[in-house]
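# Observations on chain architecture
Residue strings, one per chain:
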Amino acid sequence: TTYRPSEQLRFTYQFTNTTKKTMKLKASRQILASDGKLVINRPGTLALKPGEVFKRTVTEVLPPKLAAGTYTSRVKLLDQKTSAVVDQNEFTIIVEVVPITKAAKSVVLKKGSTGSAVKELQLKLQTLGHLSAKIKANGIFGPATLKALQAFQKANGLALTGKTDTATYDALNK
């Protein structure tokens, strides 16, 4: 499955204790880069009675500065005493860089602009870490988008116009 930085990863995980004893487990949700480096680790603990089912829908917002590439999403359960792996499930996710389309490049965007081109700009600025992932890419060029665009322009040695000129679009797509 393909995602973009700042998008929400969502999946359901289920494990059933098929033993006759209560299981005390260490749980972790992880995202690992292709080289095995841990990008995200969400640890926790749980206890499951015999026959009890542990089922959770997991949601994780991917970091806005997550580089393009292939990652592994993993859920791992370990015995608390022995650290033996009780259960492990993983799947591959692909993270893509958000390109600015030709249609979006043909429009000069500024504060007050709206539409899909603004949303593309917002997603790109989030990917590059200039617009907070907490701000929804809603297609409305407001104060937060203006501030993020100017921060991008400054970081790239561009004129601080607060508008998407040719030089800004070229820098966004490097």
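Read on for an overview of the structure. (Residues numbered from 1 in each chain as written. Predicted model: local features only at pLDDT ≥ 70, side-chain atom pairs only at ≥ 80, totals over all residues. Heavy atoms only, no water.)

## What to know about the layout of surface pockets
In this structure, the largest pocket occupies an estimated 250 Å³ of space. Residue lining of the largest pocket: 17 residues in total, with Ala 27, Arg 29, Leu 46, Phe 54 and Arg 56 positioned closest to the centre. Of all the elements in the fold, those that place two or more residues in the lining of the largest pocket are β3 (23-33), β4 (38-48), β5 (53-61) and β6 (69-79). Of all the elements, β4 adds the most residues to the lining of the largest pocket, at seven residues. A class-by-class count of the residues in the lining of the largest pocket yields 10 nonpolar, three polar and four charged. (1 Å grid on protein atoms, 1.4 Å probe; cavity = no way out; pocket = protein on both sides within 12 Å on 5 of 7 lines; lining within 4 Å. Points joined across faces, edges and corners; volume = space filled by probe spheres on them. Helix = DSSP H or I, 4+ residues; strand = E, 2+ residues; numbered from the N terminus. Nonpolar A, V, L, I, M, F, W, Y, C, P; charged D, E, K, R; others polar.)

## Examining empty space enclosed by the protein
By the definition in use, this model includes one cavity of 30 Å³ or more. Here the largest cavity is characterised by a volume of approximately 50 Å³. What lines the largest cavity is simply Leu 9, Phe 11, Arg 29, Gln 30, Ile 31, Ile 40, Arg 42, Val 58, Glu 60 and Ser 73. Counting residues per element, the lining of the largest cavity draws most heavily on β3, which supplies three residues. Classifying every residue of the lining of the largest cavity gives five nonpolar, two polar and three charged.

## Remarks on the pairing of strand β7 (residues 85-95)
Relative to β7, strand β1 (residues 2-3) runs parallel, the two being bridged by two bridges. Within β7, the residue paired with Thr 2 across the bridge is Ile 94. In terms of strand pairing, β6 meets β7 through 10 bridges, oriented antiparallel. Of the residues in β7, the one forming a bridge with Arg 74 is Glu 90. Adjacent in sequence and paired antiparallel, β6 and β7 are bridged by five residues, among which Ser 83 carries a positive phi angle near 65 degrees. (Pairing = 2+ DSSP bridges.)

## A word on unusual backbone geometry
Apart from glycine, the bulk of residues carry a negative phi angle, and the bulk of peptide bonds sit in the trans form. A positive phi is found at Ser 83, a non-glycine position, where the angle reads about 65 degrees. Mapped onto the fold, Ser 83 is located in the loop between β6 and β7. The exposure class assigned to Ser 83 is partly exposed, which follows from its relative accessible area of 37%. (Buried < 20%, exposed > 50% of the residue type's maximum accessible area, 1.4 Å probe, protein only.)

## Considerations on helix α3 (residues 143-155)
Here α3 is 13 residues long and its end C-alpha atoms lie 18 Å apart, about the 18 Å a rise of 1.5 Å per residue gives. For α3, the set of buried residues is Thr 145, Ala 148, Leu 149, Phe 152 and Gln 153. Buried positions in α3, seen along its axis, are confined to an arc of 140 degrees and lie on one side of it. Pointing more than 90 degrees away from the buried face of α3 are the exposed residues Pro 143, Lys 147, Lys 154 and Ala 155. Turning to α3, the residues buried within the fold contact α2 (116-127) and α4 (166-172). Just past α3, the residue Gly 157 takes up positive phi, approximately 65 degrees. (Expected span 1.5 Å × (residues − 1). Arc of directions from axis to C-beta. Contact = heavy atoms within 4.5 Å.)

## Here we look at the packing of α2 against α3
Two measures define how a pair of helices packs: the angle their axes make with one another and the distance between the axes. Closest axis-to-axis distance for the α2/α3 pair is 10 Å, and the angle between their directions is 55 degrees. When the axis of α2 is compared with that of α3, the two are oblique. α3 is crossed by α2, and the crossing has left-handed handedness. Contacts between α2 and α3 pair Leu 121, Gln 122 and Leu 125 from the former with Thr 145, Ala 148, Leu 149 and Phe 152 from the latter. (Axes fitted to C-alpha atoms, helices over the stretch in contact; angles between N-to-C directions. Parallel < 35°, antiparallel > 145°, perpendicular 65-115°, else oblique. Left-handed = near helix turned anticlockwise from the far one by under 90°.)

## What to know about α2
Given a rise of 1.5 Å per residue, 12 residues ought to cover 16 Å, and the 16 Å separating the end C-alpha atoms of α2 matches this to within 8%. Of all 12 residues in α2, 10 are buried, a share of seventy percent or more. Among the residues making up α2, those that are buried are Ala 117, Val 118, Glu 120, Leu 121, Gln 122, Leu 123, Lys 124, Leu 125, Gln 126 and Thr 127.

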